[in-house]
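Residue-level structural notes
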Amino acid sequence: MVCALRPESPEHSLPILRCLFSDAFACPPGTCSEAGPRHSHLPWFLFSSRLSGSRRRVTAAEARATRSERKDPSYYSMAGKKVLIVYAHQEPRSFNGALKNVAVDELRKQGCTVTVSDLYAMDFEPRATRKDITGALSNPELFNYGVEVYEAYKKRCLASDITEEQKKVQEADLVIFQFPLYWFSVPAVLKGWMDRVLCQGFAFDIPEFYDAGLLKGKLALLSLTTGGTAEMYSKAGVSGDFRYFLWPLQHGALHFCGFKVLAAQISFAPEIASEEERRGMVAAWAQRLRTIWKEEPISCTPPWYFGQ
């Protein structure tokens, strides 16, 4: 089951908007290799077209757009938008990989600039260590990672893999995190990306956090798959309401850094879905991308997650 969790959803309910039973663990024929293992997520991205000075140039993407799409004012509101997809999945031929590819194609067709950080393919280092600081430590006698990274950021002495990712985040209007749910959280490589990239000085400071976070004005969206069914992630289910595991990720990490958080895209129990249902999932994903810029962020407050 695929569910877009909207901000107007009542507390402790299980809203099913654009909802489909779906697998997300195997690629529909023609979208990726059938040989790959069955995995997936539901990412979300943005659209844009280019502007050149004060004179607007028609892009190849716009030339491919239908006449009715070009008549819609919202089509041009995507101009100049940039999206970063932080992708944490091991198998490029998986259903998850196919969803990423569909999203990239759809968004580029709309004129959006899309960048993908494929963490496994990049062999991204998830460990936060002394190697993240290229200059002299402020206190070599007692290593404090948070303090040292903060000082290194101000001195521009962070490791290059961190600064490269920070540049991608800084340029993005929307950051999408695509991953399978591991132990009610993100895979270790993605957790390491958050630990190392979203450091003090870059993503937040004191007192610049939550609504005043240094990444305010940017959008963020979690797209994930679960092993359990939607019923298991209901308020009365064995795993509890899905909002419980979203709280530390959406509020504790993304909102803390100032992001406006869009509704999560969750694919529940994708392994038990049929091929037809998986095809529907891809179509629903592409459809949401066409209106993603019209969505309002959720309210990252305790009542939204836990009720009054």
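Everything that follows concerns the structure shown earlier in this document.
These lines cover the structure that appears in this document, whether it is placed above or below. Please read these numbers as outputs of a predicted model, since none were measured by experiment.

Criteria and cut-off values
Residues numbered from 1 in each chain as written. Predicted model: local features only at pLDDT ≥ 70, side-chain atom pairs only at ≥ 80, totals over all residues. Heavy atoms only, no water. Helix = DSSP H or I, 4+ residues; strand = E, 2+ residues; numbered from the N terminus. Pairing = 2+ DSSP bridges. Right-handed = clockwise from strand over helix to strand, strands pointing away. Phe/Tyr/Trp six-rings, centres within 6.5 Å; stacked < 30°, edge-to-face > 60°. Buried < 20%, exposed > 50% of the residue type's maximum accessible area, 1.4 Å probe, protein only. Lys NZ or Arg CZ within 6 Å of the ring centre and 35° of its normal. Core = buried A, V, L, I, M, F, W, Y, C linked by side-chain atoms within 4.5 Å. Contact = heavy atoms within 4.5 Å. Axes fitted to C-alpha atoms, helices over the stretch in contact; angles between N-to-C directions. Left-handed = near helix turned anticlockwise from the far one by under 90°. Nonpolar A, V, L, I, M, F, W, Y, C, P; charged D, E, K, R; others polar.

Further remarks concern the environment of Ile292. With respect to the secondary-structure elements, Ile292 resides in the loop between helix 9 (275-289) and helix 10 (302-306). Considered as a pair, Ile292 and Leu262 are 30 residues apart in the sequence and their alpha carbons are 9.0 Å apart.

The next point concerns the pairing of strand 3 (residues 113-118). The two faces of a sheet get side chains in turn, since along a regular strand they alternate between them. Direction of pairing for strand 2 (residues 82-87) relative to strand 3: parallel, over a ladder of 6 bridges. Across the sheet, Tyr87 pairs through a bridge with Asp118, a residue of strand 3. Between strand 2 and its parallel partner strand 3, the chain crosses via helix 4 (residues 95-109), and the hand of that crossover is right-handed.

Turning our attention to the packing of aromatic side chains. One pass over the full model with this rule turns up 17 aromatic pairs. Ring centres of Phe209 and Phe256 lie 5.2 Å apart, and the angle between their planes is 10°; this geometry places the pair in the stacked category. Here Phe209 is found in the loop between helix 7 (188-197) and strand 5 (219-225), whereas its partner Phe256 is found in the loop between helix 8 (242-254) and strand 6 (260-261), with 47 residues between them in sequence. Judged by its relative accessible area of 29%, Phe209 falls in the partly exposed class. Each ring, one from Tyr244 and one from Phe306, has its centre 5.8 Å from the other, and the planes form 15°; the classification is stacked. Of this pair, Tyr244 sits in helix 8 while Phe306 is found in helix 10, placing the two residues 62 residues apart along the sequence. Using a relative accessible area of 37% as the deciding quantity, one classes Phe306 as partly exposed. Members of the aromatic cluster, each reached through a chain of ring pairs, are Phe184, Tyr233, Phe242, Phe245 and Phe268. Arg243 extends its terminal NZ or CZ atom over the ring of Trp304, reaching a point 3.7 Å from the ring centre.

It is worth spelling out the nonpolar core at this point. In this structure, Phe177, Phe179, Leu190, Trp193, Leu198, Leu222 and Leu246 are the most contacted members of the largest nonpolar core, which totals 51 residues. Sorting the residues of this core by element identifies strand 2, helix 5 (145-155), helix 6 (160-171), strand 4 (174-180), helix 7, strand 5, helix 8 and helix 10 as the ones contributing at least two each. Beyond its immediate sequence surroundings of up to four residues, Phe177 is in contact with Val86, Leu190, Trp193, Met194, Ala220, Leu221, Leu222, Ser223 and Leu254. Val104, Leu262, Met281 and Ile292 belong to the second largest nonpolar core, which has 22 residues in total.

Most peptide bonds take the trans form, and the phi angle of most residues other than glycine is negative. Omega for the peptide link from Ile206 to Pro207 comes to 15°, which places this bond in the cis form. By the element assignment, Pro207 lies in the loop between helix 7 and strand 5. Unlike most non-glycine residues, Arg156 shows phi in positive territory, near 60°. Assignment of secondary structure puts Arg156 in the loop between helix 5 and helix 6. On the basis of relative accessible area, Arg156 is assigned to the exposed category, the value being 79%.

For the rest of this paragraph, the subject is the packing of helix 4 against helix 9. The geometry of helix 4 relative to helix 9 is characterised by a closest axis approach of 10 Å and an angle of 30° between their N-to-C directions. Regarding helix 4 and helix 9, the two cross each other, and that crossing is right-handed. On the side of helix 4, the interface is formed by Phe95, Leu99, Val102, Ala103, Glu106 and Leu107, while helix 9 contributes Arg278, Met281, Val282, Trp285, Ala286 and Leu289. Tallied by class, the residues present in the contact of helix 4 with helix 9 amount to 10 nonpolar, no polar and 2 charged.

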